[in-house]
Amino acid sequence: MFKRVLIANRGEIALRIIRSCRELGVETVCVYSSADKGGPWLEQADRAICIGPGPSKESYLKIERIIAAAEVSHADAIHPGYGFLSENSHFAEVCRASGFEFIGPSPEAMHALGDKVNCKKLARKTGTPVFPGTEDAIEDIDEAVKVAAEIKYPVIVKARAGGGGRGMRIARNEAELRAGIESARQEAAAAFGDGGVYVEKFLENARHFEVQTIGDKHGHAVHLYERDCSSQRRHQKLVEEAPAPGVDPKKRDKVCESAAALIREAKYSGAATVEFLMDRHQDFYMLEVNTRVQVEHPVTEMITGVDIVKTGIRVAAGEELPFTQKDIHVNGHAIEVRINAEDPDRNFMPQAGLIETYSAPGGPGVRLDSHARAGYRIPPNYDSMIGKLIVHAPDRETCIERLKGALREFRIGPVKTTIPLHLKVLDLPDFRKATHDIHFVERWLKETAPKS
Amino acid sequence: MIDIRKLKELVRLMTTSELTELDLRDKDEQVTIRRASPQVAPQIIHHAAPAVHHVPAAAPAAPAAAAAAPAAPAAPAEDAGLVAIESPMVGTFYASPSPDKPHFVTAGGQVGPNSVVCLVEAMKIFNEIKAERSGTIVKVLVQSGQAVEFGQPLFMIKPS
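Draft legend 1. How the structure looks around the overall build of chain A. Broken down by element type, chain A carries 14 helices and 22 strands. The globule rule puts the C-alpha radius of gyration for 452 residues at 22 Å, and the 23 Å found for chain A is close to it. Principal axes of the C-alpha set define a box for chain A whose edges measure 65 × 50 × 45 Å. Within chain A, the proportion of its 452 residues that are buried is 49%. A separation of at least 24 residues holds for 64% of the contacts in chain A among residues at least 6 apart in sequence.

This is how it looks when you write it as structure tokens:
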């Protein structure tokens, strides 16, 4: 086991890692930027080292400063957390070259799964279901029509160089596809100077279904079942839950096992999440693999009893996974909401500044992962998430009610947070009946937006 | 008798502030708390017998010391008019180009903006740190082999 771990991150995930290290008897060194000076989580580390000014690219993203901090503190391993450099294979390489273990996958495994083309190739090998479509830009429209017939309508035409919803056309039949390719090409050429378009299966009413996996350096890989993260706004997750409600158990087991097989094939050690979209028929299509521990990992911890962060540190230190697939069982239901310092009534404007009131909820099955407290001044330089509230209960209904209760107990002020928003989302009929899809929050926000 | 709770409070004050020295006396005892460097926890030097006369400004109980302390310590008063040269990076500080050579600068030495005042080593690369301003070095705050972090004061300089 490592003697000392350097944590190259901040806020709630830094605190999460400190907690696991503490239980493993590992010393912690936390880097921080001058904007994070006085951050409450730093008090919990054995040592804190200032590595740069506020802007992330001058501090948390500065590889040489993080390595320098590891050198002067004589750390033996570096934990990247999530975001920042956690999926940067160059950083993983530099860590190892400098003599520090990187708590995460090898650069090769990171590359194998982090690159979408490589990942898809491996997924085909392991039977992990992928998005069917044309691999490259369409040269021949007839070819595209053939592909569309194979993958079945509806399909979506997308600009290779595109973004912002432009150069995209949904087609439900051949006529629409031919017309769509033409107009998408024109729009793409005008908007991006590149008329290249490709065709992919389009999922209506899809749900976001991601599988948590964990592997070790001895070839073992296990899945820890799934999380449903369909409640999103602008591709940012708001609510995450496990297990995914209403999914056929056989289909679930099959896709979860295929995710573990993918991790195993890539010789991946550490925590990884394989993201899928699930259609109305409960067929799955892989979106990508996140080669790091994720924000919403606590949801899985609550239903399986596995400490994902601790296990990740253990496997990085060379230990074998302390469990096999048959040891993993789902117990009850868990839901997490992200508490963001944002004003939902003002287009989610980020709130920086002093938290004066902070009164945390409690009670059975209530977990709060947060670095904030009364007297903490939220700096403006980083993302707006100030904590995660996770609730566990024997079933989904009880879990929702318990979470609503916890949100009502939770007082943060005067900064505005997304607490009132979560209370509303949890009561939406689509959410309660689990008939929601990845656009349902945005649709609801649009419908309920004040008419100007 | 200065009791343990007050001592604990004084140590806490030291740790949570930027004080480098706190000197507390009453008619029976004198307590001096001095911080050697930012990485080292404050040390308590406790004298049982009265060494000096009663000093009213620094006098009594913890709450008053808390109010008096910011005005009392000698260090900030001496630092009036001085500017710190701070480390722009994380690494190991070296006062001289190599162990056998003389220090780049010493107290009393003159520097210009491009004068190299020290080296900070990280990832096997020795970086020359420049003074960035003209003046006289008044204090050297760190020693060779010591770890320094971003923003840590290395020297106090009297600008000219």
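Draft legend 2. Region of interest: the packing of helix α6 (residues 141-151) of chain A against helix α7 (residues 174-192) of chain A. Residue and element names in this part refer to chain A. α7 packs onto α6 with a crossing angle of 135° between their chain directions and a minimal axis gap of 10 Å. The orientation of α6 with respect to α7, classified from their angle, is oblique. Here α6 runs over α7; the crossing is right-handed. Residues I141, A144, V145 and A148 of α6 pack against E174, L177, R178 and I181 of α7. The residue makeup of the contact of α6 with α7, split by class, is 6 nonpolar, no polar and 2 charged.

Draft legend 3. Broad picture of the nonpolar core. Counting 138 residues, the largest nonpolar core has L6, C30, A69 and I78 of chain A together with C118 of chain B as the members making the most contacts within it. Sequence-distant contacts of C30 of chain A, defined by excluding residues within four places in its chain, comprise I7, A14, W41, L42, A45 and A48 of chain A. Counting 16 residues, the second largest nonpolar core, distinct from the first, contains A144, A171, L177 and F202 of chain A.

Draft legend 4. Main features of the interface of chain A and chain B. Contacts between chain A and chain B engage 13 residues on the former and 10 residues on the latter. Looking at the side of chain A that touches chain B, the elements with two or more residues in it are β3 (47-52) and α2 (63-72) of chain A. Per element, the largest residue contribution to the side of chain A that touches chain B is 7 residues, and it comes from α2 of chain A. Split by residue class, the side of chain A that touches chain B holds 7 nonpolar, 3 polar and 3 charged.

Draft legend 5. Summary view of the sheet that holds strand β7 (residues 169-171) of chain A. All names here are of chain A. Taken in spatial order, the 3 strands line up as β7-β6-β8 in an open sheet, and their pairing is antiparallel. Each edge of the open sheet is held by one strand with a lone partner, namely β7 and β8 (197-201). The mean inter-strand angle of the sheet, taken between neighbouring strand axes irrespective of direction, is 25°. Pairing geometry for strand β6 (residues 155-159) and β8, over 5 bridges, is antiparallel. From the neighbouring strand, V157 faces β8, where its bridge partner is V199. Where α6 meets the sheet, its contacts fall on β6 and β8, and the angle it forms with β8 comes to roughly 15°. Against the sheet, α7 makes contact with β6, β7 and β8, and its axis sits at roughly 20° relative to β6, the strand it touches most.

Draft legend 6. Here's a closer look at the pairing of strand β9 (residues 135-140) of chain B. All names here are of chain B. Bridge analysis of strand β6 (residues 110-111) against β9 gives 2 bridges, and the strand direction is antiparallel. If you follow Q110 over to β9, its bridge partner there is T136. Relative to strand β11 (residues 153-159), β9 runs antiparallel, the two sharing 5 bridges. Each bridged residue has a counterpart across the sheet, and for G135 the counterpart in β11 is P159.

Draft legend 7. Quick peek at the confidence of the model for chain B. All names here are of chain B. Summary statistics for chain B give a mean pLDDT of 76 and a share of 66% for residues scoring 70 or more. Within the model, the stretch residues 47-74 combines pLDDT values under 50 with 36 contacts to residues more than four positions away or in other chains. Of the two predicted TM-score estimates for the complex, the pTM is 0.81 and the ipTM is 0.79.

Draft legend 8. The arrangement of the sheet that holds strand β21 (residues 385-393) of chain A in detail. All names here are of chain A. Taken together, the 8 strands give an open sheet; going across it, the order is β13-β12-β9-β10-β11-β14-β21-β19, and neighbouring strands pair in antiparallel fashion. The sheet is open, and its two edges are formed by β13 (284-290) and β19 (366-370), each paired on a single side. If you compare each strand with its neighbour and ignore which way they point, the axes differ by 25° on average. Packing against the sheet, helix α9 (residues 297-304) makes contact with β9 (207-215), β10 (221-233), β11 (236-242), β14 (333-340), β19 and β21, and its axis sits at approximately 130° to β10.

Draft legend 9. A look at the pairing of β11 of chain A. Residue and element names in this part refer to chain A. Of all 7 residues that make up β11, 5 are buried, and the element is covered over most of its length. Here 4 bridges tie β10 to β11, and the two strands are oriented antiparallel to one another. The residue bridging R233 from the neighbouring strand is Q236, located in β11. Bridging between β11 and β14 involves 4 bridges; their strand directions are antiparallel. The partner of E240 across the bridge, within β14, is E336.

Rules used throughout
Residues numbered from 1 in each chain as written. Chains lettered and ligands numbered in written order. Predicted model: local features only at pLDDT ≥ 70, side-chain atom pairs only at ≥ 80, totals over all residues. Helix = DSSP H or I, 4+ residues; strand = E, 2+ residues; numbered from the N terminus. Rg over C-alpha atoms; globule rule 2.2 N^0.38 Å. Buried ≥ 20, exposed ≤ 12 C-beta atoms within 10 Å, placed from the backbone. Contact = placed C-beta atoms within 7 Å. Axes fitted to C-alpha atoms, helices over the stretch in contact; angles between N-to-C directions. Parallel < 35°, antiparallel > 145°, perpendicular 65-115°, else oblique. Left-handed = near helix turned anticlockwise from the far one by under 90°. Nonpolar A, V, L, I, M, F, W, Y, C, P; charged D, E, K, R; others polar. Core = buried A, V, L, I, M, F, W, Y, C linked by C-beta atoms within 7 Å. Pairing = 2+ DSSP bridges. pLDDT = per-residue confidence, 0-100.

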